[in-house]
Amino acid sequence: MSDKPGTTVEFTLNNERRSVPAGSTLLEACRAAGVPVPTLCFLDGMTPANACRICVVEVEGARALAPACSRQVEAGMVVRTESERVALARRLVMEFLASSVDLTCAPEAAAYARQFGADPERYARSGAPPETVAQPVKVDNDLYVRDLSRCILCYRCVDACGEEAQNTFAIAVAGRGFDARIATEFDHSLPDSACVFCGNCIGVCPTGALMFKSEHDLRREGTWDEARQTHTETICPYCGVGCALTLHVQENRIVKVSSPRDHSVTQGHLCIKGRFGWQFVQDPPKPSE
């Protein structure tokens, strides 16, 4: 039976009694109380994937730690976010991730690794990068690249390609264990897959595993510099929907486009025209063309 509107639930969070609206998740309750809880796979506006486990908290009486992003608060629940079990679990999560993927384009994840004292060298093979990091970047189109050496399998891109945004279902998780990876059907290249190049997978990727080709090229040249970039808010000119765009500009050239997650029209998602159709602004066709 669903709770009546306005119903609240009382519970204990880090030894303090709290009251939250019924149906709140532990993450929502912690945020309301000003208690920080780390997240990687979770993104506001999307259904929790329960993939990374960095947000786990301890619920008194429960055998396993609970993912705060999806577990709802229950009446009388006693929750601890800073216990030794929680700290150990978060440290292990970051050690496993940092020892198996490249987090250099994931400042939030790298900060968690430092915060929880992760030592990824404990799981690294001496003298050789893990196979997941050694694989080459997939560049098979002019719009975006796939660098699976940076992928933490958070499922955000899969969900954005599926029911959370685009409903194209062009990508999914293939393989198991260390062979698990984000792939198209039959591992086809993106142009030969069902991908419609909306780029919504890029918009939700937290680690740079999916990246604008323009950004990838600048990073490879060593000229990508977010500190020198400016942001310009505008509206997509292609149709009447009114999608909000944020133009990321470096040296007077657009280097990528995003959309605010809190915008009522887009919720951070765009189509191929809004995401990639901006070259005409800086490279207009010549009169003879």
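Note that the structure is predicted; figures quoted are calculated from it, not measured.

Further remarks concern the sheet that holds strand S12 (residues 253-258). If you walk across this open sheet you meet the three strands as S10-S11-S12, and the pairing is antiparallel. Sheet topology places strand S10 (230-235) and S12 at the edges, where each strand pairs with a single neighbour. Strand-to-strand twist in this sheet, taken as the mean axis angle between neighbours without regard to direction, amounts to 30°. Pairing analysis gives six bridges linking S10 to strand S11 (residues 244-250), with the strands arranged antiparallel. The partner of His231 across the bridge, within S11, is His248.

A separate point is a nonpolar patch on the surface. Together, Tyr238, Phe280 and Val281 give the surface a local cluster of nonpolar side chains, amounting to about 290 Å² of exposed area. Given a relative accessible area of 52%, Val281 falls into the exposed group.

Taken as a whole and assessed by the stated rule, the structure comprises three cavities of 30 Å³ or more. As a volume, the largest cavity reaches approximately 150 Å³. In terms of lining residues, the largest cavity is bounded by 18 residues, among which Cys151, Cys157, Ile182, Ala209 and Leu210 are the most central. Across the lining of the largest cavity, the residue classes tally to 16 nonpolar, one polar and one charged. In this structure, the second largest cavity encloses a volume near 90 Å³. Every residue lining the second largest cavity is counted, 14 residues in all, and those nearest its centre are Tyr144, Cys161, Cys195, Cys198 and Cys201. Secondary structure elements with two or more residues in the lining of the second largest cavity: helix H5 (156-161) and helix H6 (200-204).

Take the pairing of strand S2 (residues 16-21) next. Sheet topology note: the strand S1 (residues 8-13)/S2 ladder contains six bridges and is antiparallel. Bridge pairing in S2 places Glu10 opposite Ser19. Counting the residues in the hairpin turn of S1 and S2 gives two residues, including Asn14, whose phi is positive at 50°.

Attention now goes to the nonpolar core. Tyr144, Cys157, Cys201, Ile202 and Val257 are the most contacted members of the largest nonpolar core, which totals 27 residues. Sorting the residues of this core by element identifies H5, H6, strand S9 (210-212), S11 and S12 as the ones contributing at least two each. Beyond its immediate stretch of four places on either side in the chain, Val257 contacts Phe212, Leu245, Thr246, Leu247, His248, Leu270, Gly274, Arg275 and Trp278.

Charged atoms that come close allow side chains of opposite charge to pair. Under the defined criterion, the tally for this structure stands at 20 salt bridges. Measuring nitrogen to oxygen at the nearest pair gives 2.9 Å for the salt bridge that ties Arg31 to Asp44. Placement of Arg31 in helix H1 (residues 26-32) and of Asp44 in the loop between H1 and strand S3 (56-59) is noted, with a sequence separation of 13 residues between them. The exposure class assigned to Arg31 is partly exposed, which follows from its relative accessible area of 42%. Here Glu215 makes a salt bridge to Arg219, at a shortest N to O gap of 2.9 Å.

Before going further, it helps to examine the packing of aromatic side chains. Taken as a whole, this structure holds six aromatic pairs when the rule is applied. Judged by centre distance (6.3 Å) and plane angle (10°), the rings of Tyr144 and Phe276 are stacked. Note that Tyr144 is positioned in strand S6 (residues 144-146) and Phe276 in helix H8 (residues 272-276), a separation of 132 residues in sequence. Both residues of the pair, Tyr144 and Phe276, count as buried. Both rings, one in Phe212 and one in Phe276, keep their centres 5.2 Å apart while their planes meet at 55°; by these two values the pair is tilted. Here the residue Phe212 occupies a position in strand S9, and Phe276 occupies one in helix H8, the gap between them amounting to 64 residues. Judged by its relative accessible area of 5%, Phe276 is buried.

The five strands lie next to each other as S2-S1-S5-S3-S4, forming an open sheet whose pairing is mixed. In the strand order of this sheet, the two ends are held by S2 and strand S4 (66-67), each with one partner.

Buried residues of helix H3 (residues 107-115): Ala109, Tyr112 and Ala113, and no others. For H3, the buried positions fall inside an angular range of 100° around the axis, keeping them on one side. Facing away from the buried side of H3, by more than 90 degrees, are the exposed residues Pro107, Arg114 and Gln115. Gly117 lies just past H3 and shows a positive phi near 65°.

Quick look at the environment of Arg228 now. Note that Arg228 resides in the loop between helix H7 (213-221) and S10. As for Arg228 and Val249, which are separated by 21 residues in sequence, their C-alpha atoms are 8.5 Å apart. Sequence-distant contacts of Arg228, that is, excluding residues within four places in its chain, are made with Thr223, Val249, Gln250 and Glu251. At a separation of 3.0 Å, a polar atom in the side chain of Arg228 contacts the side chain of Asp225. A distance of 3.2 Å separates a polar atom in the side chain of Arg228 from a polar atom in the side chain of Glu251.

Definitions and cut-offs
Residues numbered from 1 in each chain as written. Predicted model: local features only at pLDDT ≥ 70, side-chain atom pairs only at ≥ 80, totals over all residues. Heavy atoms only, no water. Pairing = 2+ DSSP bridges. Helix = DSSP H or I, 4+ residues; strand = E, 2+ residues; numbered from the N terminus. Axes fitted to C-alpha atoms, helices over the stretch in contact; angles between N-to-C directions. Patch = residues over 30% accessible without salt bridge, like charges linked within 9 Å, V, L, I, M, F, W, Y side chains within 5 Å. Areas by Shrake-Rupley, 256 points an atom, 1.4 Å probe, with all protein chains shown as cover. Salt bridge = Lys/Arg side-chain N within 4 Å of Asp/Glu carboxyl O. Buried < 20%, exposed > 50% of the residue type's maximum accessible area, 1.4 Å probe, protein only. 1 Å grid on protein atoms, 1.4 Å probe; cavity = no way out; pocket = protein on both sides within 12 Å on 5 of 7 lines; lining within 4 Å. Points joined across faces, edges and corners; volume = space filled by probe spheres on them. Nonpolar A, V, L, I, M, F, W, Y, C, P; charged D, E, K, R; others polar. Core = buried A, V, L, I, M, F, W, Y, C linked by side-chain atoms within 4.5 Å. Contact = heavy atoms within 4.5 Å. Phe/Tyr/Trp six-rings, centres within 6.5 Å; stacked < 30°, edge-to-face > 60°. Arc of directions from axis to C-beta. Polar contact = N/O pair within 3.5 Å; in protein donor to acceptor, adjacent residues only side chain to side chain.

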